Amino acid sequence: MKTIGFSLLVAIQLCATALASPPVGYYLSAEGQTGAALESVLHDIIDGHTVISYSKTDEVMGVIDEDPNNTNNVGLIYSTFSMAKTGIGSSGSAVWNREHLWPRSYGLSTSGADNSDLHNLYPCNASVNSSRGNKYFDESDSTGSSNSISPENTYDSDSWEPSDEDKGKIARAAFYMAVRYDGSDANTLDVSISDSPNAAEQRMGKLTTLLAWNREFPPTLAEKARSNAIYTGVQTTDGFRGQGNRNPFVDYPQLADAIFLGSNVETLGKWQVRSFPIGELDDLTLTGPLADPDGDSIPNILEFLGNSLPDSDTSKPLATVTFNGGTALLRYRRAKGLELSGYDANWETSSDLKIWDPVLTTTITEADEGLTTVETLSIPQVVGKEFFRLRVFKIEND
């Protein structure tokens, strides 16, 4: 007689990051929103900020980008070294200047609020800034070039790939610009992010790459402190200067997927925005992959996988093992954006619950449920004991 066992295994390694929260109620009007509606509400929240004169932005950056190891220097985007605050200039490797992450040629003005928006401006070595030019952000071709001053970055004929240290902050700056500027401010245009960048049409890119960088490289405490300093203001030699607005995607990076990802794809971040109040998104004890806020023994990663909400009354069966004659049928729900969230799942089999091997199958059928698919694996029965488990795991990047 054959014995069948079944277990559901979640094997995930988490990296906890302390997250600073924005003021209570700052995002209250955005609760429950996704897609275009969320983008519109966030625009209204961060719109109309106090505009700092472009001529004063270098002094503000001298405060918000100060090198913590040398207070006479500013840290640089795209580079691992810092430079003297007084060493600002127009060109050459011996000076730094102001880098527009979203280039002027992609729809920014020289006289509007967008030109001096500090959420988009960073100190940059002038030579490296020249190498970047107006290239959009993407993974570089295998034959990409680099600037000897900062070889951590690579570039090809039309795109620029920064080092891993900068990828997340660059993505979140781009999301901010796309939401903040819709052409309603004086001397500004409506800008957007796309997988088809086009400077003449104010489309920056590449969207898919920026979304991936945002997920893979979450905000650091330093990035959060910078966004908060722009919001609250800092003391400069001739006054207190701040914009009075935040970058929502630095506060809550999950908002990017909720706005820019297609409606037919779900990721963990998008699911978190749909499932929790915005103010709870940075509380991993409630929203993290292994959290179980409703106490039903189904962690969030499995609720997401099955397109359930973190409420025991809405949880759906995630995986089942049944038999049809001599064939074992392994079924499970799979979120369409599972891999985008950095996770994957596969069936494994064992005869002794000690050694587990991937299930080898030649038959897979699917049923579309919208944000999820139901996958069915057909496996001929074998003689003896056989156990199955669905293993959900975090994808390790090289």
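Before reading further, recall that the structure is shown in the block above.
Residues numbered from 1 in each chain as written. Predicted model: local features only at pLDDT ≥ 70, side-chain atom pairs only at ≥ 80, totals over all residues. Heavy atoms only, no water.

1. Thoughts on the sheet that holds strand β10 (residues 159–161)
Then, number 1: Judged by pairing direction, the sheet is mixed, and its four strands sit side by side in the order β7-β10-β9-β8 without closing on themselves. The open sheet has two edge strands, β7 (136–137) and β8 (145–147), and neither has a second partner.
Then, number 2: Relative to β10, β7 runs parallel, the two being bridged by two bridges. Bridging from a neighbouring strand, Phe-137 pairs with Trp-160 of β10. (Pairing = 2+ DSSP bridges. Helix = DSSP H or I, 4+ residues; strand = E, 2+ residues; numbered from the N terminus.)

2. What about the nonpolar core?
Soluble globular proteins: nonpolar side chains tend toward being buried together.
Then, number 1: Trp-102, Phe-175, Phe-260 and Trp-347 are the most contacted members of the largest nonpolar core, which totals 75 residues.
Then, number 2: With nine residues, helix α4 (residues 164–180) is the single largest residue contributor to this core.
Then, number 3: Discounting chain neighbours no more than four positions away, the residues touching Phe-260 are Phe-175, Ala-178, Val-179, Leu-207, Leu-211 and Phe-249.
Then, number 4: Membership of the second largest hydrophobic core comes to 13 residues, among which are Ile-52, Met-61, Met-83 and Leu-121. (Core = buried A, V, L, I, M, F, W, Y, C linked by side-chain atoms within 4.5 Å. Buried < 20%, exposed > 50% of the residue type's maximum accessible area, 1.4 Å probe, protein only. Contact = heavy atoms within 4.5 Å.)

3. With respect to the environment of Pro-299
Then, number 1: Among the structural elements, Pro-299 can be located in the loop between α10 (284–287) and α11 (300–305).
Then, number 2: Pro-299 sits in the buried class, given a relative accessible area of 12%.
Then, number 3: For the pair Pro-299 and Pro-310, spaced 11 residues apart in the sequence, the C-alpha separation amounts to 8.2 Å.

4. Notes on the side chain of Ser-127
Then, number 1: Mapped onto the fold, Ser-127 is located in helix α3 (residues 126–132).
Then, number 2: A polar atom in the side chain of Ser-127 sits 3.2 Å from the side chain of Asn-147.
Then, number 3: Setting aside residues no more than four positions away along its own chain, Ser-127 makes contact with Gly-92, Ser-93, Asn-147 and Ile-149. (Polar contact = N/O pair within 3.5 Å; in protein donor to acceptor, adjacent residues only side chain to side chain.)

5. Quick word on the side chain of Asp-117
Then, number 1: Of note, Asp-117 is situated in the loop between β5 (96–100) and β6 (121–125).
Then, number 2: The side chain of Asp-117 is buried and forms no salt bridge, while Arg-180, the nearest opposite charge, is found at 4.6 Å.
Then, number 3: Among the polar contacts listed, one links the side chain of Asp-117 to the side chain of Tyr-176, at a separation of 2.7 Å.
Then, number 4: Looking at Asp-117, its side chain comes within polar contact range of the side chain of Gln-243, at 3.2 Å. (Lys, Arg positive; Asp, Glu negative; His and termini not counted. Salt bridge = Lys/Arg side-chain N within 4 Å of Asp/Glu carboxyl O.)

6. Brief notes about the pattern of salt bridges
Then, number 1: One pass over the structure, following the stated rule, counts 22 salt bridges.
Then, number 2: Here Arg-132 and Glu-99 are joined by a salt bridge, their closest N and O atoms 3.0 Å apart. Residue Arg-132 is located in helix α3, and its partner Glu-99 is located in strand β5; the two are separated by 33 residues in the primary sequence.
Then, number 3: When its relative accessible area of 0% is taken as the criterion, Arg-132 is described as buried.
Then, number 4: A salt bridge links Lys-167 to Glu-161; its shortest N-O distance comes to 2.9 Å.
Then, number 5: A single salt-bridge network, built from bridges that share partners, covers Asp-47, Arg-180 and Asp-185.

7. Focus on the pairing of strand β15 (residues 319–324)
Then, number 1: Sheet analysis places β15 next to strand β16 (residues 327–335), joined by six bridges and oriented antiparallel. For Val-321, the partnering residue across the bridge sits in β16 and is Leu-330.
Then, number 2: Between β15 and β16, which pair antiparallel in sequence order, lie two residues; one of them, Gly-325, sits at a positive phi of approximately 65°.

8. A look at unusual backbone geometry
Peptide bonds are trans in most cases, and residues, glycine excluded, mostly fall at negative phi.
Then, number 1: Of note, the amide linkage connecting Gly-205 to Lys-206 takes the cis form, showing an omega dihedral of -5°.
Then, number 2: Within the chain, Tyr-78 stands out as a residue other than glycine whose phi angle is a positive 75°.
Then, number 3: Of note, Tyr-78 is situated in the loop between β3 (70–75) and β4 (82–84).
Then, number 4: Take Tyr-78: its relative accessible area is 1%, and that puts it in the buried class.

9. Section: helix α5 (residues 207–216)
Then, number 1: Three or more residues of α5 are buried, namely Leu-207, Thr-209, Leu-210, Leu-211, Trp-213 and Asn-214.
Then, number 2: Those residues of α5 that are buried lie in contact with β7, β10, α4, β11 (192–193) and α8 (254–260).

10. A word on the sheet that holds β4
Then, number 1: The three strands are arranged β2-β3-β4 in an open sheet whose pairing can be described as antiparallel. Whereas interior strands pair on both sides, the edge strands pair on one side only; in this sheet they are β2 (66–67) and β4.
Then, number 2: Alignment of β2 against β3, held across two bridges, turns out to be antiparallel. Of the residues in β3, the one forming a bridge with Glu-66 is Val-74.

11. Considerations on the packing of aromatic side chains
Then, number 1: Scanning all chains against the criterion turns up 10 aromatic pairs.
Then, number 2: Between Phe-249 and Phe-260 the ring centres are 6.2 Å apart and the planes differ by 40°, which places this aromatic pair in the tilted class. Placement of Phe-249 in helix α7 (residues 248–251) and of Phe-260 in helix α8 is noted, with a sequence separation of 11 residues between them. An identical accessibility class is assigned to Phe-249 and Phe-260; each is buried.
Then, number 3: One aromatic cluster is present, built from ring pairs that chain together Tyr-26, Tyr-27, Tyr-231 and Tyr-252.
Then, number 4: The cationic tip of Arg-104 hangs over the ring face of Tyr-54; the distance from NZ or CZ to the ring centre is 5.2 Å.
Then, number 5: The aromatic ring of Tyr-231 is capped on one face by Arg-246, whose charged end is 5.0 Å from the ring centroid. (Phe/Tyr/Trp six-rings, centres within 6.5 Å; stacked < 30°, edge-to-face > 60°. Lys NZ or Arg CZ within 6 Å of the ring centre and 35° of its normal.)

Nothing here speaks to function; it is all geometry.
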